[in-house]
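An overview of the molecular structure
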Amino acid sequence: YKRFGGKGRDELKDRIYQTIKRIAETDTGQRILIGTHGAVISTFAAAVMQSLVAYRLSMPNCSVYEYNYTDGQFQLVRIHDPQNGNIIDIEGEPDA
């Protein structure tokens, strides 16, 4: 928490985004699975979507957020909800 000398939300968002971008650029052409907790998932989604609305997206337990990474940009494609067997489309289909 920033008030105790830690990072603020924007600093955290940038750190998470840059870390995942570095992983995506290192392992180009590969499918990558990153396991983490809900705060990181929603913060990364907010960075990708450039919107605070991402903090209100459905985040079922054990959900999988699927992104496409092309030309240096992430696209949140869908959210897989294993608890209810749902797939929530966000921004359409990834490029083939």
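Further up the page is the structure itself.
Sequence positions are assigned chain by chain, starting from 1 and proceeding in written order. Given that the model is predicted, a residue must reach a pLDDT of at least 70 before its local features are reported, and side-chain atom pairs must reach 80 or more before they are shown or counted; all residues, however, enter totals for whole chains, interfaces and linings. Water and hydrogen atoms play no part in the side-chain values, which are based on all heavy atoms of the structure.

1. Structural notes on the pairing of strand β1 (residues 64-70)
Paired strands, in this sense, are two strands between which DSSP finds at least two bridges. The numbering of helices and of strands both runs from the N terminus, where a helix is a DSSP run of H or I of at least 4 residues and a strand a run of E of at least 2. The pairing of β1 with strand β2 (residues 73-81) spans seven bridges and is classified as antiparallel. Residue pairing for β2: Tyr69 is matched across the bridge by Phe74. Between β1 and β2, which pair antiparallel in sequence order, lie two residues; one of them, Asp71, sits at a positive phi of approximately 50 degrees.

2. Some points on the sheet that holds strand β3 (residues 86-89)
Taken in spatial order, the three strands line up as β1-β2-β3 in an open sheet, and their pairing is antiparallel. A single partner strand is all that each edge strand has here, and the edge strands are β1 and β3. If you compare each strand with its neighbour and ignore which way they point, the axes differ by 25 degrees on average. Residue contacts are defined here by distance: any two heavy atoms, one from each residue, within 4.5 Å place the two residues in contact. Axes here mean lines fitted to C-alpha atoms, for a helix over just the part in contact, with angles spanning 0 to 180 degrees between N-to-C directions. Of the strands in this sheet, β1 and β2 are in contact with helix α1 (residues 9-26), which crosses β2 at around 95 degrees.

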